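# Geometric and topological summary
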Amino acid sequence: MNRTPQSKQFWRILGPILIYWGIQFLAQILVQTIIMITHMQEIFGVMQSLNSETYMELVTQLSVMLTKIMLQYQSQISAFIALCTIPVATFLFSRDRKMEKDGQLLVNKKAPGVQYAWVLILGIVFSLGGNVLLAMSGLAMKDTSYIRASAAIYSEGIAVLLLCQGIVVPIAEEVMFRGVLFRRCREQMSFWGAAFSVACFFAFVHGTVTQLMYTLILGIFLAYVYEKFGSLKAPVLLHILVNVVSIVATKAGILVWLCSSVMRMAICIIGCAFVGAVAFVKIQKIDEKPEIHVD
């Protein structure tokens, strides 16, 4: 049966999503199996010491124990899954860019290197202001899954966090979400339609309700800097900065210090909003429109 152009467009976007989920699923099973094998002696020892009257109680207690073990390696698991998605995402991204070049399609101009300073500033203020705003809203304190996951992640060493959550995961996500999905949606939609659609999916895969609005807004900003800078380097840099600043500020106690006073929180949010607005205006002035040469 011949496919219609509409069905081709549909699968051009849905295909990478299904591939992404499939790789993540298989990678998660693999890495969790490896972790369980390395802890098998500990698991058997705990099973023998468990006192349960019913089979269901034993299963419940064993499940809790396995969950605790997996939480100890949350960052490493995330990084391993991200590394597994990078080859396929990079292949799709490279193929799409080759098709654009071969088809002589117009692409956005690349912004000058000096403009990346505004991405640096935007990443810092977005991370600090966003985290303080989350704390002020009280959402984080009500979301038990977010609290549990955050406690497990930040219990790890800062070097592991910076490598896994600060570098590997952002690179993998940007190649897939902005490099592949956003660019493909952009072929068929306006900027805002493509940015919002991909940002919704980006927010959805991050799981907790607390992170939903934060990652949704971040996803739109990431698409925006990609559109203006004409290079995947811009959203990768912004994403890395947001994560790294959050890790360093948390580990150094800066966020705790900021959130221990209403006045400090207010000053931080107002200051970040002002500086972020200046950076956004500067980025907005970048001329990203393709150059059209007339013979």
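Scroll up a little and you will see the structure.
For the structure given in this document, a descriptive report is provided here. On a predicted model such as this, the values are computed, not experimentally measured, just so you know.

A separate point is the side chain of Glu-227. Note on placement: Glu-227 falls in helix H10 (residues 209-229). A relative accessible area of 12% means that Glu-227 is categorised as buried.

To describe a pair of aromatic rings, one takes the distance between the centres and the angle between the planes. According to the stated counting rule, one finds 14 aromatic pairs in the structure shown. Between Tyr-20 and Phe-177, the ring centres sit 5.5 Å apart and the planes meet at 75°, which makes this aromatic pair edge-to-face. On the criterion of sequence distance, the pair formed by Tyr-20 in helix H1 (residues 5-38) and Phe-177 in helix H8 (residues 158-186) is long-range, its members being 157 residues apart. The residues Tyr-20 and Phe-177 share a single accessibility class, namely buried. A ring pair is formed by Trp-21 and Phe-201, whose centres lie 5.3 Å apart and whose planes are at 70°; its orientation type is edge-to-face. Taken together, the positions of Trp-21 in helix H1 and Phe-201 in helix H9 (residues 191-204) put the pair 180 residues apart, joining distant regions of the chain. On the basis of relative accessible area, Phe-201 is assigned to the buried category, the value being 12%. Three or more aromatic residues link up through ring pairs in this structure, and these residues are Phe-126, Phe-182, Phe-191, Trp-192, Tyr-214, Phe-221, Tyr-224, Tyr-226 and Phe-280. The lysine or arginine in question, Arg-178, covers the ring of Phe-202, its NZ or CZ lying 4.6 Å from the ring centre.

Here we come to the pattern of salt bridges. Counted under the stated rule, the structure contains 10 salt bridges. Note that Lys-109 and Asp-287 form a salt bridge whose closest N and O atoms lie 3.1 Å from each other. Here the residue Lys-109 occupies a position in the loop between helix H4 (74-102) and helix H5 (116-137), and Asp-287 occupies one in the segment after helix H13 (262-284), the gap between them amounting to 178 residues. According to the relative accessible area criterion, Lys-109 is partly exposed, its value standing at 24%. One salt bridge in this structure joins Glu-227 and Arg-186, with 2.8 Å as the shortest N-O distance. Taken together, the residues Glu-227 in helix H10 and Arg-186 in helix H8 connect sequence positions 41 residues apart. On the accessibility criterion, Arg-186 (28% relative accessible area) is partly exposed. A single salt-bridge network, built from bridges that share partners, covers Arg-12, Asp-96, Arg-184 and Glu-187.

Criteria and cut-off values
- Residues numbered from 1 in each chain as written.
- Predicted model: local features only at pLDDT ≥ 70, side-chain atom pairs only at ≥ 80, totals over all residues.
- Heavy atoms only, no water.
- Helix = DSSP H or I, 4+ residues; strand = E, 2+ residues; numbered from the N terminus.
- Buried < 20%, exposed > 50% of the residue type's maximum accessible area, 1.4 Å probe, protein only.
- Phe/Tyr/Trp six-rings, centres within 6.5 Å; stacked < 30°, edge-to-face > 60°.
- Lys NZ or Arg CZ within 6 Å of the ring centre and 35° of its normal.
- Salt bridge = Lys/Arg side-chain N within 4 Å of Asp/Glu carboxyl O.

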